[in-house]
Amino acid sequence: MSVIETAGVRTLAGHTGAVNSVAFSPDSARVSTASEDNTARLWDAATGQLLHTFTGHTDAVFAAPFSPDGRRVATVSADVTPRLWDVATGACAYELVGHTIAVFGVAFSPDGTLLATTSYDETVRLWQSRSGAPLHVLEGHSDIVYGAAFNPDGALLATASGDGTIRLWNTRTGACLSILTGHTGIVSAVTFSPDGALIATASFDGTARLWDVRTGNCVRILSGHSGTVWSVAFSPNGRVVAAASEDATARLWDTESGAPIRTLEGHTDSAFVVAFSPDGALIATASSDATVRLWDAVTGKCLRTLEGHGGAVSSLAFSPDGRQLATASADETARVWPL
């Protein structure tokens, strides 16, 4: 395990398989990584030093987000069993038993009391995050559930599935409140707007869509991409929605009118992820061309191309303080870039 620093960029080396995801702790002090080598790891963001290796999973680990208070990391794996880890000690606090096939997606509620896990077994499970106790099994999807997102107050959960639908659930009762239909392909990502009034989704059908949470109706079809849309994100003020696509571009739309704003062009292969910086001034995109690009969110100008990874970049995260960007790659490393 080592850290290699070049011009302020820290390369987090030590995984022996592709790094699937990367996340910052709420205080921007730590970075978590999840890997095909069956482990997740915890790193010091400032120095790049390895703090803990979370061992125990017996198959690939797909994601490892922090709880909102920064005390826990949740991991999901192809080995069926999600786990909760203590950040201070690196010990496994709970194994969450119930899923029957690989668990792909995970999300904490904004207040940190709930954990949602999504699975190839076509279900979503809700857990009490502090005790690991099971709360609800959310059934109804007829294909893999790829992702889940809580609304700002944690009362609602939206889930995205290979069955082409999005479902909206009451997190207190586990009841399905509405089924959002219209996509003609796998729904690959889902997220709420900052005010919780809209849901944005990305799909293999080449579109992103905006949905009214109150009615469940599709209010905007965001078209223009010529390939699978992998990722979707709202700007911090909720006025712009961005999507990243297999067609090597990201596109921006006005959320109120649905009008296209601009296309971010420059990548030479699929753009997997798009994200806004915490202040909304920057947009980052990650690509299978092994680069990350930073764009001016107002003008669309490419400000920097972050080069150095030796494989596809599948995940990125801005630090909450906006001073760093972390990236994860198929080259078995993660990197922390100063901004």
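Residues numbered from 1 in each chain as written. Predicted model: local features only at pLDDT ≥ 70, side-chain atom pairs only at ≥ 80, totals over all residues. Heavy atoms only, no water.

## So, the pairing of strand S19 (residues 187-192)
Selection rule: Exposed residues in this analysis have more than 50% of their type's maximum accessible area, buried residues have under 20%, and partly exposed residues fall in between, with area computed by a 1.4 Å probe over protein chains only. Helix and strand assignments come from DSSP, with helices taken as H or I runs of at least 4 residues and strands as E runs of at least 2, each series counted from the N terminus. DSSP-based pairing: two strands are paired if at least 2 bridges between them are found.
Counting buried positions along S19 yields five of six residues, so the element is predominantly enclosed. Sheet topology places S19 next to strand S20 (residues 198-203); five bridges connect them, and they run antiparallel. Bridge pairing in S20 places Thr191 opposite Ala200. Counting the residues between successive antiparallel strands, the hairpin from S19 to S20 contains five residues, one of them, Gly196, with a positive phi of roughly 80°.

## Quick word on the sheet that holds strand S3 (residues 19-24)
Condition: Helix axes use the C-alpha atoms of the stretch in contact, all axes being lines fitted to C-alpha atoms, and the angles between their N-to-C directions lie in the range 0 to 180 degrees.
With antiparallel pairing, four strands are arranged side by side in an open sheet as S3-S4-S5-S6. Of all the strands in the sheet, the pair left with one neighbour each is S3 and strand S6 (50-54). Neighbouring strand axes in the sheet, compared pairwise and without regard to direction, differ in orientation by 20° on average. Relative to strand S4 (residues 30-35), S3 is paired through five bridges, and the arrangement is antiparallel. Among the inter-strand pairings, Ala23 is bridged to a residue of S4, identified as Ser32.

## So, the state of the cysteines
Rule in force here: Note on disulfides: each one is a pair of cysteine sulfur atoms within 2.5 Å.
Summed over all chains, the structure comprises zero disulfides. With no disulfide partner, Cys176 has as its closest neighbouring cysteine sulfur the one in Cys218, 17 Å distant.

## Examining the sheet that holds strand S18 (residues 176-180)
Taken in spatial order, the four strands make up an open sheet running S15-S16-S17-S18, and their pairing is antiparallel. The open sheet terminates on both sides in strands that have one partner only, identified here as strand S15 (145-150) and S18. Going from strand to strand, the sheet's axes swing by 20° on average, the running direction of each strand aside. Examined bridge by bridge, S15 and strand S16 (residues 156-161) share five bridges and lie antiparallel to one another. The residue of S16 that forms the bridge with Ala148 is Thr159.

## Focus: the side chain of Ser129
Selection criterion: N or O atoms closer than or at 3.5 Å make up a polar contact, with two conditions inside protein: a donor-capable atom paired with an acceptor-capable one, and, for residues adjacent in sequence, both atoms drawn from side chains. Contact definition: two residues touch when any of their heavy atoms are within 4.5 Å.
Checked against the element boundaries, Ser129 lands in the loop between strand S13 (124-128) and strand S14 (134-138). Among the polar contacts listed, one links the side chain of Ser129 to the backbone oxygen of Gly112, at a separation of 2.3 Å. The contacts of Ser129, once residues within four sequence positions are left out, are Arg72, Leu84, Phe108, Gly112, Thr113, Leu114 and Leu115.

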